[in-house]
Amino acid sequence: GAVVSQHPSRVICKSGTSVKIECRSLDFQATTMFWYRQFPKQSLMLMATSNEGSKATYEQGVEKDKFLINHASLTLSTLTVTSAHPEDSSFYICSARDQGGNSNQPQHFGDGTRLSIL
Amino acid sequence: GDSVTQMEGPVTLSEEAFLTINCTYTATGYPSLFWYVQYPGEGLQLLLKATKADDKGSNKGFEATYRKETTSFHLEKGSVQVSDSAVYFCALSDRGNDYKLSFGAGTTVTVRA
């Protein structure tokens, strides 16, 4: 159980393109989902917390107009990288927490999206 | 604030060797502790967890014990396999930080046949 599906797994596109990444919890409902960015050989950096039915909470230094987050249902959150540029190239990972448990349940991660902007 | 410090890698071992990855933490409250594993090109998978002092998490031959007195959560496996080659992340979540995960830097482990 506790499967999180992230799509697409890889995107290669031209500079200026907007890219949407989907994160779905397949067998549980997630009030809260998280979006991370990971640079090569580094740890995960939390970008934002996605809350179902309300605005996302962004970490300091993350541009909310650049990284649009929509959490329209209990099983789906999307991250849109608007007008992407080469410096946005990275590995983006989402996670979801099962709302059926207490707030300290472990997060379950998607397989990540490798974004390459040419 | 919360922080996690884990042993820097890379770590290279022979098959059937003993693996230890040290992890210590700083937290304001009573955190839950986790080890996640990341295989190449993939997301993170929960390996094991412990939610209170003296709890031992275990999975796939890996173990870690929540030591409050030393604020540690060291990962151990008695006999590693080539398939254990991956990056291992120690992490904590804490009510004082809205249960967001704080990660260590990750330790790359390579097991040679």
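See above for the structure.
Because the structure is predicted, anything quoted here is derived from the model rather than measured.

Enquirer: How should I be thinking about the overall build of chain A in this particular structure?
Expert: What chain A contains, in helices and strands, is 0 helices and 11 strands. Reading the secondary structure of chain A in the N-to-C direction produces β-β-β-β-β-β-β-β-β-β-β. Taken over C-alpha atoms, the radius of gyration comes to 14 Å for chain A, in line with the 13 Å a tight globule of 118 residues would show. Principal-axis analysis of the C-alpha atoms gives chain A an extent of 40 × 25 × 25 Å. When each of the 118 residues of chain A is scored for burial, the buried share is 51%. The contacts in chain A between residues at least 6 apart in sequence include a share of 55% that link residues at least 24 apart.

Enquirer: What am I meant to see in the sheet that holds strand 3 (residues 19-25) of chain A here?
Expert: Backbone-to-backbone hydrogen bonds pair the strands of a sheet. The strands run either parallel or antiparallel. Residues and elements named next belong to chain A. What the 4 strands build is an open sheet, ordered 1-3-8-7; its pairing is antiparallel. Of all strands in the sheet, those with a lone pairing partner are strand 1 (4-7) and strand 7 (67-73), marking the two edges. Between one strand axis and the next, the sheet turns through 15° on average, direction left out of account. Pairing geometry for strand 1 and strand 3, over 4 bridges, is antiparallel. Within strand 3, the residue paired with V4 across the bridge is S25.

Enquirer: Help me understand the sheet that holds strand 8 (residues 62-65) of chain B, please; the structure alone is not making it clear to me.
Expert: All names here are of chain B. Taking strand neighbours across the sheet as the criterion, the 4 strands line up as 3-9-8-7 in an open arrangement whose pairing is antiparallel. Edge strands, defined here as strands with exactly one partner in the open sheet, are strand 3 (19-21) and strand 7 (56-59). Averaged over all pairs of adjacent strands, the angle between their axes in this sheet comes to 15°, without regard to strand direction. Where strand 8 meets strand 9 (residues 75-77), 3 bridges bridge the pair, whose relative direction is antiparallel.

So, how was this worked out
- Residues numbered from 1 in each chain as written.
- Chains lettered and ligands numbered in written order.
- Predicted model: local features only at pLDDT ≥ 70, side-chain atom pairs only at ≥ 80, totals over all residues.
- Heavy atoms only, no water.
- Helix = DSSP H or I, 4+ residues; strand = E, 2+ residues; numbered from the N terminus.
- Rg over C-alpha atoms; globule rule 2.2 N^0.38 Å.
- Buried < 20%, exposed > 50% of the residue type's maximum accessible area, 1.4 Å probe, protein only.
- Contact = heavy atoms within 4.5 Å.
- Pairing = 2+ DSSP bridges.
- Axes fitted to C-alpha atoms, helices over the stretch in contact; angles between N-to-C directions.

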